[in-house]
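Here is how the chains run, residue by residue.
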Amino acid sequence: MHIVWLILKILLIVILSLVGLVVLLALLVLFAPVRYRAYVNKNDDIFAKFSARWLGFVLCFKALYDSDGLRYRLRLFGGTIMGSEKNARPEPEEEVYSEPGEYSRAETEEEASDSPGYKDYPSVEPEDRQFLLEDSEFEEPVPGPLIRLGRRIDSMAKTVVSKFKDLSEKFASLKKKKDGYTKLVHNVRTKEAMRVFKVELIKVLKHLKPTKLKGQIIYGADDPATTGERLGYMSLLFPLYYDNIDITPDFSEARLEGDLFMKGRIRLVTIGWSTLKVIWNKNVKITIARFKKISGGN
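A. Main features of the side chain of Thr-227. Looking at the secondary structure, you find Thr-227 in helix H6 (residues 224-234). For Thr-227, a relative accessible area of 0% puts it in the buried group. Residues in contact with Thr-227, not counting those within four places in the same chain, are Tyr-219, Gly-220, Ala-221, Asp-250 and Phe-251.

Right, here's the structure in full:
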């Protein structure tokens, strides 16, 4: 009995150890951040480098783009598990072709052997053999030009009627869907679902924002008016980079030069928790179900 309890105790310890290991790995995946760095330089050529690490050397991804093209590598505990080296493709096997003359002769003989005129019919006289070769009574008569024209007109009329019917049904369906979408957009639950989505999206974007951002950019378009217009669009993002990136306009020529460096960290638990809060929200579920119903989905 003592041995049985000892075995059960060992099994329990092993099971608890495995459960603890799984929980530890899950916590590491959720809370250990993925730290990334990126740098881009654009003068005559483009140079870009990106690296991302999780738990130091446990998982590491690096990518480099320069005049030689794109190179990347994914490492796990220091060993490469994926890289940009291309494996040589095996050459396709040569197809075996028979001699054209022999093939055509064999095919001709085979086809001819199936033809009734090639076989001997001992019970049929030569003057009656044409009887076996004539199948004109089973062939459709060749229609005249008026009959062909009538058939074409009939076919075109049927096509037009069918297309008109399909368009009518589509317009009716679109009008019905439009009314449904309009009601859905103005519904109170839809507005609440959009509010929840907006709040969580802002949280995720703030989390994804680099902890360090530095850059210098010189930009110019084909003409001064276009340059000013596009710089105006860039100013919409001014709160995100106003003290980190210097943008110098060039009104004399088309130009895009400079460099940009950023680094930050991403935690899966932050993104996952915001995603779950959106998915589990009752108003979001009802809104998605209504949208599928209006769109004709399941």
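B. Examining the pairing of strand E4 (residues 69-76) more closely. Here strand E3 (residues 59-66) runs beside E4; their pairing, made up of eight bridges, is antiparallel. Within the sheet, the bridge partner assigned to Leu-59 lies in E4 and is Leu-76. Taken together, the four bridges between E4 and strand E5 (residues 79-83) define a ladder with antiparallel strand orientation. The residue of E5 that forms the bridge with Leu-76 is Gly-79. The hairpin formed by E4 and E5 contains two residues between the paired strands, and Phe-77 there has a positive phi angle of roughly 55 degrees.

C. Quick look at helix H9 (residues 282-295). Taking 1.5 Å of rise per residue, 14 residues should cover 20 Å, and H9 covers 20 Å from first to last C-alpha, within 8% of that figure. Within H9, the full set of buried residues consists of Asn-283, Val-284 and Thr-287. The buried residues of H9 occupy one face: seen down the axis, they fall within an arc of 100 degrees. Exposed positions of H9 whose direction lies more than 90 degrees from the buried face are Lys-282 and Lys-293. Positioned one or two residues after H9, Gly-296 has a phi angle of 90 degrees, which is positive.

The rules behind the values
Residues numbered from 1 in each chain as written. Predicted model: local features only at pLDDT ≥ 70, side-chain atom pairs only at ≥ 80, totals over all residues. Heavy atoms only, no water. Helix = DSSP H or I, 4+ residues; strand = E, 2+ residues; numbered from the N terminus. Buried < 20%, exposed > 50% of the residue type's maximum accessible area, 1.4 Å probe, protein only. Contact = heavy atoms within 4.5 Å. Pairing = 2+ DSSP bridges. Expected span 1.5 Å × (residues − 1). Arc of directions from axis to C-beta.

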